[in-house]
Amino acid sequence: MKTKNIIIFISVLCSMLVSCKKYLDVVPDDIATLDMAFSNRNEAEKYLYTCYSYIPSNHTAQGNVALMGADELWTFYPNGSGFTPWEIARGNQNANDPYMNCWSERNGGSAFYKAIRDCNIFLENVKDESKISDLSAGMRKRWIGEVTFLKAYYHFLLFRMYGPIVIVDKNIPVDASNDVVRVKRSPVDSVVNFISGLLDESCINLPPYITNQTEELGRITAPAALSLKARLLVTAASPLFNGNVDYANFTDKDGEHLFYTTYDEGKWVKAVEACRKAIETCEQNNIQMYQFQTYLALSDTTKIQMSIRNSVGEKWNRELIWGLSSRAVDGLQGDCMARIGTYTQNMWAARELVNPTLEIVNQCYTENGVPINEDKTWNYSGRYETKVATHDDRFNLAENYETALFHFKREPRFYANLAFDGSVWYMQNSPSGTDENTFTVKGRVGQPQAKMGAYNYSCTGYWAKKLVSWKLVLSENSSTTERFPWPEIRLSDLYLLYAEALNEIGDMENALVWLDKVRERAGLKGVKESWTKYSTKPTKYSSVSGLREIIHQERSIELMFEGHRFWDLRRWKEAEKMLNKKITGWDIDQESPAAYYRPKVLFNMTFIAPRDYLWPLRDEDLIVNPRLVQNPGW
């Protein structure tokens, strides 16, 4: 085994059999040796970009397990047969050849251990001040900070999937013995402390913001590093990793416990401090909640919706803490787009493949800012009855069109995030030039956006409007749009993490402050006022458990379709409750409103606890490295 600078790929000793040539394919310009790769700034910078190149494809339904892996988005079989994450939602995960296997880079999984290896190589060489003589001291420090962050980030992504992982702080020498090569998994707390330490180390050398915005947007900053640390520590403090007795007997082959199963409130205290510091740094660097600004004469209703939509869809807006410039949202827009306007036959640019479910739609509040099954003024029992929208409804619903009561009197995020039979879809190229008489969606049989043919249609009767830029323009067989970076971390997420952590240490008053900041942008009153006036549970917010439920639902609404709910349900240990339900949509093959608005079961989900909370290791990996142990249940 003569591979250069080999690092063990957690489990896979066979990864050491990768040839030098295959390894060197990731080094730019076919450079023959690592010495050449770090001979000058230009070549070293290419290696820096190689370290960035492993960031997963979060901007696609195929590459982001959190988009299609839970109960938010669905498609019609076999439309989604190429969506590997969907196989996890359909209950097909397995240990023989796991889907989205990032442990040994198989079956749609990213090469995170290869990424860590390249980060280690980069750091080893760039920290050597005898190399890259034309690199300034300031830039050297910045590069070291960026790659230290990336090293932490790739470890975090593995931790979130597998729990206890192999920590790879340094690459293993080529002449290492089998005992050294066959490394074992580290306990969860050790993994968290290691990642947290890397993020602290990276912050010292990272810039507070990007000055060269023409060429460097998407590069790592100090606010991004601190925000990732906040996410890490909130995850570590959550029930899956904090006091989880399901893993009381989860030990390695030396008898070491891989989970500390006694609850520790101190983990929430650390999470609170991490969130506070991240928010302060963001505010110092002019990162703020996005507000839509326009010269157009739009209604206040539409302006609020555009603030919600464009907090994601406006590229490089001020709310974005870390956007993935190399993972710009393009094809996903077409997967979510409805065939609106003149071009109702255009199934190429408006593919309609990624469809919100009734389960996620149910999460959205009423116009009073409380859950639909709690609002004492809202007709929950009659929600599937129908009504004709009036002129007063025109900025949310198609005027004079009959749709379900379910679609009336809902909060602004409902109309901003979703399109449906009877909805309006305001775009920059609105045929009227304003939000009056704009595009509409009418999806029942015989209507312009109804099912057409065997493929490319909304199987649920909903469209993910939030993931489509308002600048997308359909033409006969194509479209043009503005690509925007995938929002890996944005400020509203950080506010909600802070609110969650504060609540868990009993500081409910301050938790409400940050929760209400998110609701304010969404056009809603504060939690206290909304629940006191309108909820059948008017004091729900006054207990830790009640406010926890509110915060959890707020995250599901605010961060809808951004790849958070999948991970949130797991870290909260709520997946076994939420992902053992039916996936439903409207009966889209019907013409009359009464027949169409009957929930139709599309799939019966299965989530086995505690097995499905963590990814399985591939069976073959356990044979290759006998010091590894499988995750419980697999």
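In what follows, the structure referred to is the one given above.
On a predicted model such as this, the values are computed, not experimentally measured, just so you know.

A. Quick peek at the overall build of the protein chain. Per the secondary structure count, the protein chain includes 24 helices and 14 strands. The globule rule puts the C-alpha radius of gyration for 634 residues at 26 Å, and the 25 Å found for the protein chain is close to it. Taken over 634 residues, the protein chain has a buried fraction of 62%. Partitioning the intrachain contacts of the protein chain with sequence separation of at least 6 by distance along the chain shows that 69% fall at a separation of at least 24.

B. Expanded view of the layout of surface pockets. A volume near 690 Å³ is recorded for the largest pocket. Considering the residues around the largest pocket, the lining is formed by 28 residues, among which Gln363, Asn373, Gln553, Met578 and Lys581 are closest to the centre. Looking at the lining of the largest pocket, the elements with two or more residues in it are α15 (358-361), α20 (544-558), α21 (565-571), α22 (575-578) and β13 (582-585). Considering each element in turn, the lining of the largest pocket owes the most residues, six residues, to α20. Its residues placed into classes, the lining of the largest pocket shows nine nonpolar, eight polar and eleven charged. Lining the second largest pocket are 19 residues, and of these Tyr209, Gln213, Leu217, Ile287 and Leu320 sit closest to its centre. With four residues, the single largest contributor to the lining of the second largest pocket is strand β2 (residues 320-329). Taken together, the residues that form the lining of the second largest pocket break down as ten nonpolar, seven polar and two charged.

C. Fine view of the pairing of strand β12 (residues 484-490). Counting buried positions along β12 yields seven of seven residues, so the element is predominantly enclosed. Both β2 and β12 contribute to a ladder of six bridges, which runs antiparallel. If you follow tryptophan 322 over to β12, its bridge partner there is isoleucine 489.

D. Highlighting helix α17 (residues 491-504). Taking 1.5 Å per residue, 14 residues should reach 20 Å; α17 reaches 20 Å between its end C-alpha atoms and fits that length. Taken across its 14 residues, α17 has 14 buried, putting it largely inside the fold. Glycine 506 sits one or two residues past α17 and shows a positive phi near 85°.

E. Highlighting the packing of helix α11 (residues 222-237) against helix α12 (residues 266-284). Contact pair α11 / α12: the axes reach a minimum separation of 8 Å and the direction vectors enclose 160°. The orientation of α11 with respect to α12, classified from their angle, is roughly antiparallel. Note that α11 runs across α12; the crossing there is left-handed. When α11 is examined against α12, the residues Pro223, Leu226, Ser227, Lys229, Ala230, Leu233, Val234, Ala236 and Ala237 are found in contact with a partner set consisting of Lys267, Trp268, Lys270, Ala271, Ala274, Cys275, Lys277, Ala278, Thr281 and Cys282.

F. Just the nonpolar core, in detail. Residues Phe122, Tyr154, Phe159 and Trp425 are the most contacted members of the largest nonpolar core, which totals 194 residues. At 15 residues, the largest contribution of residues to this core is made by helix α7 (residues 137-162). Setting aside residues no more than four positions away along its own chain, phenylalanine 159 makes contact with Ile165, Val188, Val191, Val192, Ile195, Leu232, Thr235 and Phe241. Of all hydrophobic cores here, the second largest spans six residues; its members include Tyr290, Phe292, Leu298 and Trp470.

G. Region of interest: the pattern of salt bridges. Within the structure shown, the criterion is met by 50 salt bridges. In this structure, the salt-bridge partner of glutamate 504 is arginine 548, at a minimum N-O distance of 2.7 Å. With glutamate 504 in helix α17 and arginine 548 in helix α20, this pair connects stretches of sequence that are 44 residues apart. Given the relative accessible area of 13%, glutamate 504 is considered buried. Look at arginine 548 and you get partly exposed, because its relative accessible area is 29%. Salt bridges here are not isolated pairs; linked through shared partners, they connect Glu319, Glu411, Arg413, Lys466, Arg490, Arg519, Arg521, Glu554, Glu558 and Glu562.

The rules behind these values
Residues numbered from 1 in each chain as written. Predicted model: local features only at pLDDT ≥ 70, side-chain atom pairs only at ≥ 80, totals over all residues. Heavy atoms only, no water. Helix = DSSP H or I, 4+ residues; strand = E, 2+ residues; numbered from the N terminus. Rg over C-alpha atoms; globule rule 2.2 N^0.38 Å. Buried < 20%, exposed > 50% of the residue type's maximum accessible area, 1.4 Å probe, protein only. Contact = heavy atoms within 4.5 Å. 1 Å grid on protein atoms, 1.4 Å probe; cavity = no way out; pocket = protein on both sides within 12 Å on 5 of 7 lines; lining within 4 Å. Points joined across faces, edges and corners; volume = space filled by probe spheres on them. Nonpolar A, V, L, I, M, F, W, Y, C, P; charged D, E, K, R; others polar. Pairing = 2+ DSSP bridges. Expected span 1.5 Å × (residues − 1). Axes fitted to C-alpha atoms, helices over the stretch in contact; angles between N-to-C directions. Parallel < 35°, antiparallel > 145°, perpendicular 65-115°, else oblique. Left-handed = near helix turned anticlockwise from the far one by under 90°. Core = buried A, V, L, I, M, F, W, Y, C linked by side-chain atoms within 4.5 Å. Salt bridge = Lys/Arg side-chain N within 4 Å of Asp/Glu carboxyl O.

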